[in-house]
Amino acid sequence: MSSVKLVVVDDQTAVREALAVMLDLNEDVDVVATAVNGEEAVAVVAEHRPDVVLMDLNMPVMDGVEATRRIRADRPETEVVVLTTFEDDESVLAALQAGAAGYLTKEADRATIVQAVRSAALGQAVLAPEVQRRLLDLATRRPRPAAEQVAMLTAREREVLRLIGDGLRNAEIAARLFISEATVKTHINNLFAKADLSSRAEAVRYALSVLPPEPPTPKADSPRRTWR
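As a starting point, this report considers the structure included with it. (Residues numbered from 1 in each chain as written. Predicted model: local features only at pLDDT ≥ 70, side-chain atom pairs only at ≥ 80, totals over all residues. Heavy atoms only, no water.)

Moving on, we get to the packing of aromatic side chains. A complete count under the given rule lists zero aromatic pairs for this structure. A cation over an aromatic ring shows up here: Lys 185 above the ring of Phe 86, its NZ or CZ 4.9 Å from the ring centre. (Phe/Tyr/Trp six-rings, centres within 6.5 Å; stacked < 30°, edge-to-face > 60°. Lys NZ or Arg CZ within 6 Å of the ring centre and 35° of its normal.)

Rendered as structure tokens:
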């Protein structure tokens with residue numbers, strides 16, 4: 001087998017450069033380029049036509065899920081292996097649905113990452129053990145009744161769910177509720193687990209079906225006109 005042409009994508013300079021150096025030390029791996037976000041990754045893949053992309057998820061400009069979707073649509077022969085700190089249901093399913101062939105967390109050691117790149121180049125799926133357990137849990141989970149699910153949500157989780165139903169993204173929810181995006185993601189992870197949800201699209205449908213509509217905002221009385 002010839003060398004695997006690889007692109008490394010991560011918005012953190014130290015992580016990106018360390019991965020590139022570590023992987024390029026392997027005789028059968030050739031790191032042809034790196035990228036700092038998803039948008040740059042799409043352009044780099046179009047230019048260098050790699051066999052595999054090692055993709056972070058949480059990045060500015062364009063996240064790894066959207067970049068994976070575009071890369072797989074534009075160049076299906078390029079495989080994507082996600083390497084991220086996130087292992088929640090939403091992130092895992094979104095990445096796999098976008099076309100990722102592998103999903104590892106950044107706790108993976110060097111040998112695991114190298115083998116994942118090699119396996120992806122051969123068209124083989126690669127999932128971290130903890131990700132496999134999550135997928136198995138999702139497949140075997142028995143849904144709770146909707147009323148029981150909603151009762152388990154905190155007031156803040158219901159607020160977040162309602163805003164998801166309104167179509168707001170995490171950054172917009174954070175701004176609306178005056179909390180950080182990390183806190184929003186924590187609330188989403190919690191409500192996904194409690195309500196047996198596996199994707200944002202499912203969460204939107206769920207919010208519209210179980211949350212009562214907000215009462216209309218009362219209109220202010222029109223000022224009375226004084227006739228002279």
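A few words now on unusual backbone geometry. Despite not being glycine, Val 61 shows a phi value in the positive range, around 70 degrees. With respect to the helices, strands and loops of the structure, Val 61 is situated in the loop between strand E3 (52-55) and helix H3 (64-74). Notably, Phe 178 is not glycine yet its phi reads approximately 60 degrees, a positive angle. Residue Phe 178 is classed as exposed on the basis of its relative accessible area, which comes to 76%. (Helix = DSSP H or I, 4+ residues; strand = E, 2+ residues; numbered from the N terminus. Buried < 20%, exposed > 50% of the residue type's maximum accessible area, 1.4 Å probe, protein only.)

Next up on the list: the pairing of strand E4 (residues 79-84). A large share of E4 lies buried, amounting to six of its six residues. Both faces of E4 are covered, namely the face carrying Glu 79, Val 81 and Leu 83 and the face carrying Val 80, Val 82 and Thr 84. As paired elements, E3 and E4 share four bridges and run parallel to each other. Looking across to E4, one finds that Met 55 is bridged to Val 82. With H3 bridging E3 and its parallel neighbour E4, the resulting β-α-β unit is right-handed. Both E4 and strand E5 (residues 102-105) contribute to a ladder of four bridges, which runs parallel. Following the sheet pairing, Val 81 is matched in E5 by Gly 102. As for the winding sense of the linkage, the β-α-β connection from E4 through helix H4 (residues 89-98) to E5 is right-handed. (Pairing = 2+ DSSP bridges. Right-handed = clockwise from strand over helix to strand, strands pointing away.)

To continue, consider the side chain of Lys 185. Its location among the elements puts Lys 185 in helix H10 (residues 181-194). With a relative accessible area of 17%, Lys 185 lands in the buried category. Apart from the residues within four sequence positions on either side, Lys 185 is in contact with Phe 86, Asp 88, Glu 90 and Ser 91. (Contact = heavy atoms within 4.5 Å.)

Another point: the environment of Glu 47. You can see Glu 47 is positioned in helix H2 (residues 38-48). The exposure class assigned to Glu 47 is exposed, which follows from its relative accessible area of 60%. Taking C-alpha positions, Glu 47 is 9.6 Å from Ala 33, a pair spaced 14 residues apart along the chain.

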